[in-house]
Structures are given as C-alpha cells and as structure tokens.
Amino acid sequence: VILKDEIIQADVLVKAGRIAQIGNDLQDSEVLDLTGKYLAPGFVDIHNHGGYGYDYMDNTVEAFENILRFHSDNGITSAVASTVTAPQETIEKTLSVAREVLPKRGDHAKLLGVHLEGPYLSFQNKGAHAPAYLKVPAEDDYGYILENADVIRQITISPELDGCVELTEKLVEKGIVVSMGHDNAILPE
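Residues numbered from 1 in each chain as written. Predicted model: local features only at pLDDT ≥ 70, side-chain atom pairs only at ≥ 80, totals over all residues. Heavy atoms only, no water.

J.: Tell me about helix α2 (residues 88–101), and name the residues and values.
T.: Taking 1.5 Å per residue as the helical rise, α2 with its 14 residues ought to reach 20 Å, and the 20 Å between its terminal C-alpha atoms agrees with that figure. Within α2, the full set of buried residues consists of Ile91, Thr94, Leu95, Val97, Ala98 and Val101. In a view along the axis of α2, the buried residues occupy a sector of 165°, so they form one face of it. If you follow the buried residues of α2, they end up packed against α1 (61–73), β7 (110–117), α3 (143–147) and β8 (152–157). (Helix = DSSP H or I, 4+ residues; strand = E, 2+ residues; numbered from the N terminus. Expected span 1.5 Å × (residues − 1). Buried < 20%, exposed > 50% of the residue type's maximum accessible area, 1.4 Å probe, protein only. Arc of directions from axis to C-beta. Contact = heavy atoms within 4.5 Å.)

J.: Which residues make up unusual backbone geometry, and what values go with them?
T.: Cis geometry is adopted by the peptide bond preceding Pro119, which originates at Gly118 and carries an omega value of 15°. At Asn59, a residue that is not glycine, the phi angle is positive and equals roughly 60°. Assignment of secondary structure puts Asn59 in the loop between β5 (54–55) and α1.

J.: Could you give an account of the pattern of salt bridges, with specific residues and numbers?
T.: The tally for this structure, following the rule as stated, stands at four salt bridges. Between Asp150 and Arg99 there is a salt bridge; the shortest N-O distance is 2.8 Å. In this pair, Asp150 is assigned in the loop between α3 and β8 and Arg99 in helix α2, connecting sequence segments 51 residues apart. Residue Asp150 is classed as partly exposed on the basis of its relative accessible area of 44%. (Salt bridge = Lys/Arg side-chain N within 4 Å of Asp/Glu carboxyl O.)

J.: How would you sum up the pairing of strand β6 (residues 76–82)? Please name residues and give values.
T.: With six of seven residues buried, β6 lies mostly within the body of the structure. As defined by bridge partners, strand β3 (residues 43–48) adjoins β6 across four bridges and the pair is classed as parallel. Bridge pairing in β6 places Asp45 opposite Ala79. Sheet topology places β6 next to β7; five bridges connect them, and they run parallel. Looking across to β7, one finds that Ser78 is bridged to Lys110. (Pairing = 2+ DSSP bridges.)

Put into structure tokens, the structure is as follows:
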C-alpha cells in the first residue's frame, strides 16, 4: 500500500467502494489477493486535452464524459480539462460545458475545473497553438477569464509578455494558479 510517507505490506478493507481500514489480518466476505501488486491513491491529471478520440474543445457533455471515462479507465480519479489557444467564443463554450459537467458524478473521473493553455503565449514558442489567437495581456480585455474563475483552476502564460505581471496578480486574487509555459526562456550558458 502506497501511503503518504511510506510503502507498506498490509491488508485493505473496502466497504461501499471506499477504504475503511488498513492493517493486518483484516477479514471480510470477499478477498482479493494482490500479492506483488501496489495499491496507490488515485492519480490526478492537471494537463490533458482529451481521450477516447474526444477533445474537451469539442464542447459537448458527451466529449467531457468520454474523456473523463478514459482517464478513469487508466487510473486517474480526477482531472483538469486543458484548452488550447482558440477564439474567445470557443474557450467560453468550453468553460460553459465544464461548468455543466463539474457537479456530475458518474462512471468516470471527477472534473476539477479547466486549465487555460493560453492565449497569452510566446509567438516564438507557441508550439501547436494557432498564432491568429495568441494575445498580449496589456492589449487585451481578459475580463471573461476573471469572470469564469469559478471554473478555471489554472492558466499557462508566457511571463515576458507585456501586462503579464498585472494579469498574474488579478488571476491569483481570483484563486487561479498561474504557470509559465510556451515562453521565450533560454538555458543559461
């Protein structure tokens, strides 16, 4: 059993689908022999774009639920839906569908919220992000992001862009985790 600070050999008693007790010589009506296996807490995926042939930005409840089912089938118990840089209306639709799926429980991983990957990314290191939708915070009204802080858990931005310091302060005030990525950073020589 993988615990917070150690790995132990032990019995695990499960009742109603939840761990009820960890110890030795625990008895119950059904025994599964997991000798040689590991029992770990469910994994949390904080950056993924889809699964089972669906993308979160398909913007349907069906897509979200199938993606979350894919993650559940692969050991993930909860996930954050990642977007790519796109037209604002498309991102807002993703946020709307996420808001609808957030309270749902089902045979899939739990949705924790949305990770906006962009649109405030380096034009030079944009990766797969469409350059037509990249923005600079100082030249953009990012109010819709602040207004959707109840759904947005994380945002990836390039810190060298003009206005990123002010944007970061406002995002953090709203409880959104800000991470750096797709930026112009270089390794020191």
